[in-house]
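If you want the building blocks of each chain, they are given just below.
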Amino acid sequence: MNYRVTLIKGDGIGPEVTEATQSVLAAAGAPIEWEEALGGIEAVEAFGEPMPEQTLSTIRRNRLGLKGPLATPKGRGYRSANVTLRKKLDLYVGYRPVRTMPGIQTPYENVDLVVLRENTEDLYAGIEHKVDDDTVLTLKVSTRAAGERISRWSFENMRYTGRRKIHCCQKASVVPMADGAFLDAYLSVADEYPYIESSQLPVDTLAFELAQDPTRFDVLLLQNLYGDILSDLAAGLVGGLGVVPGANIGDQIAVFEAVHGTAPDIAGKGIANPLAVLQSALLMLDYVGERSISDHIRRAVHDVLSAGTHLTGDLGGSANTAGFTDAIIDAL
C-alpha cells in the first residue's frame, strides 16, 4: 500500500531538509507518494496568503502532510501559516516527543517525555481589538469541550504507547475561570482512566522542575501558549529544535513538521541539519502503522549519531547536509 502525503517544503532551509528526508525514506523503502503544495513565502507570492485553500484542500484529501519550516511575512497583516493550518484543519493536538539521543551532548541524560499542546484555543484563538489608542484587548478562550477532547486523546494515546504518568500544567490560581475550566475538564476525563497516574501542577513550577530534573516527567498536557513555550524549552534539554520532531493531529488528519525556524542565514549553503524533519517523518510512519520502516531508520540515525563522524555543524561536526544524509542511507 502506498500513502499519498502532501509535502510543503517550506522556506529558507526547508527545501534542503525535506529533500534530504525524502532521500532517506526512499532508501528505506517507505511506500510514499508525494504531492507537493505551497506554504509560506512562496504561497504568498502565488496565492496572496501563506496558507492557501489549495494547500489545505490537498491535505484534507490525503489526510497526511509533512512540512518544513514556514515563514510568515511580518507587518503585512498575514496570520501565521502554522496557526492557520491548525485552525482550518482542526488539528487540536500539538504532539512533541522529546528524547535524549546518542552522540548529542546535553546536561541531561535519559530524558524521554512527551509534550501535548491544545492547539486551537487560548490566546492563539486570535480574538483581539483596540479599546483605545493606548490599549489592546486580547481574549484567552478556554472551553470545556476542547479541554475534554485533548485530555481524552492524551489518555487514549498513553494506553497504546506504554506511557504511565501525565501532568496537566496550568495557572488556575491566577486565571481561575479559563485555566480552571481546562483543569476541570482534564480531571473529569482522568477519572475514566484509573490505571494511568494523573496529576497536575502550576506551569511555572513545571518550568522550574524541568530545569532541575526532566527525567521525572512522562507526559505533559498544556494549553496553547504554555505548550508553545515549554515544548521549545523541553527541546532545549536534549539538544535544541534541530533534533526534535513535531506533529499536529486531529481526528482524521495529521500534519508532521519541523519545529525549528527557516534559518535564512544558512539557506542554500547545504549545511542544514535535516534531523527534525526526518524524525517528524518517522512519526508519520508510526502514525500509519509502518513501524518496521521507522524503527529501521531510527537505528540508522542512532548509529550515525553514535559514530559522530558525519555530523552537521550544529551537532558539533563538519559534515554538510548531503554528507549527513548519505551516512544515514549507508547505515541503513
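Model, not experiment: these values are computed from the prediction.

**A short note on the sheet that holds strand β9 (residues 197-202)**
Logical step 1: Strand order in the open sheet formed by 10 strands is β2-β1-β3-β12-β11-β4-β5-β10-β8-β9, and the pairing between neighbours is mixed. Strand pairing shows two members of the sheet lacking a second neighbour, β2 (32-36) and β9, which therefore form its edges. Taking the axes of each pair of neighbouring strands and ignoring which way they run, one obtains an average angle of 25° across the sheet.
Logical step 2: Here 4 bridges tie strand β5 (residues 112-118) to strand β10 (residues 219-222), and the two strands are oriented parallel to one another. Of the residues in β10, the one forming a bridge with V115 is L220.
Logical step 3: Strands in contact with helix α5 (residues 144-161) are β4 (93-99), β5, β8 (165-170), β9, β10 and β11 (245-249); relative to β5, the strand with the most contacts, it is inclined by about 155°.
Logical step 4: Set on the sheet, helix α8 (residues 224-236) makes contact with β4, β5, β8 and β10; between it and β5 the angle comes to about 155°.

**Quick notes on the packing of helix α10 (residues 291-307) against helix α11 (residues 321-331)**
Helix packing geometry: the angle between the two helix axes and the distance between the axes.
Logical step 1: It is the contact of α10 with α11, at a shortest axis distance of 8 Å, that shows an interaxial angle of 120°. With respect to α11, the axis of α10 lies oblique. As for how α10 packs across α11, the hand of that crossing is right-handed. Judged by residue contacts, A300, V301, V304 and L305 of α10 engage F324, A327, I328 and A331 from α11.
Logical step 2: When the residues that make up the contact of α10 with α11 are grouped by side-chain class, the tally is 8 nonpolar, no polar and no charged.

**Quick word on the pairing of strand β12 (residues 254-258)**
Looking along a regular strand, one sees side chains alternate from face to face of the sheet.
Logical step 1: Of all 5 residues in β12, 5 are buried; the element is thus mostly enclosed.
Logical step 2: On β12, burial covers both faces: A254, F256 and A258 on one face and V255 and E257 on the other are all buried.
Logical step 3: Note: strand β3 (residues 64-67) against β12, 4 bridges, orientation parallel. Bridged to L64 within β12 is A254.
Logical step 4: Pairing analysis gives 5 bridges linking β11 to β12, with the strands arranged antiparallel. In the strand pairing of β12, I249 is matched with A254.
Logical step 5: The hairpin formed by β11 and β12 contains 4 residues between the paired strands.

Cut-offs and rules
Residues numbered from 1 in each chain as written. Predicted model: local features only at pLDDT ≥ 70, side-chain atom pairs only at ≥ 80, totals over all residues. Heavy atoms only, no water. Pairing = 2+ DSSP bridges. Helix = DSSP H or I, 4+ residues; strand = E, 2+ residues; numbered from the N terminus. Axes fitted to C-alpha atoms, helices over the stretch in contact; angles between N-to-C directions. Contact = heavy atoms within 4.5 Å. Parallel < 35°, antiparallel > 145°, perpendicular 65-115°, else oblique. Left-handed = near helix turned anticlockwise from the far one by under 90°. Nonpolar A, V, L, I, M, F, W, Y, C, P; charged D, E, K, R; others polar. Buried < 20%, exposed > 50% of the residue type's maximum accessible area, 1.4 Å probe, protein only.

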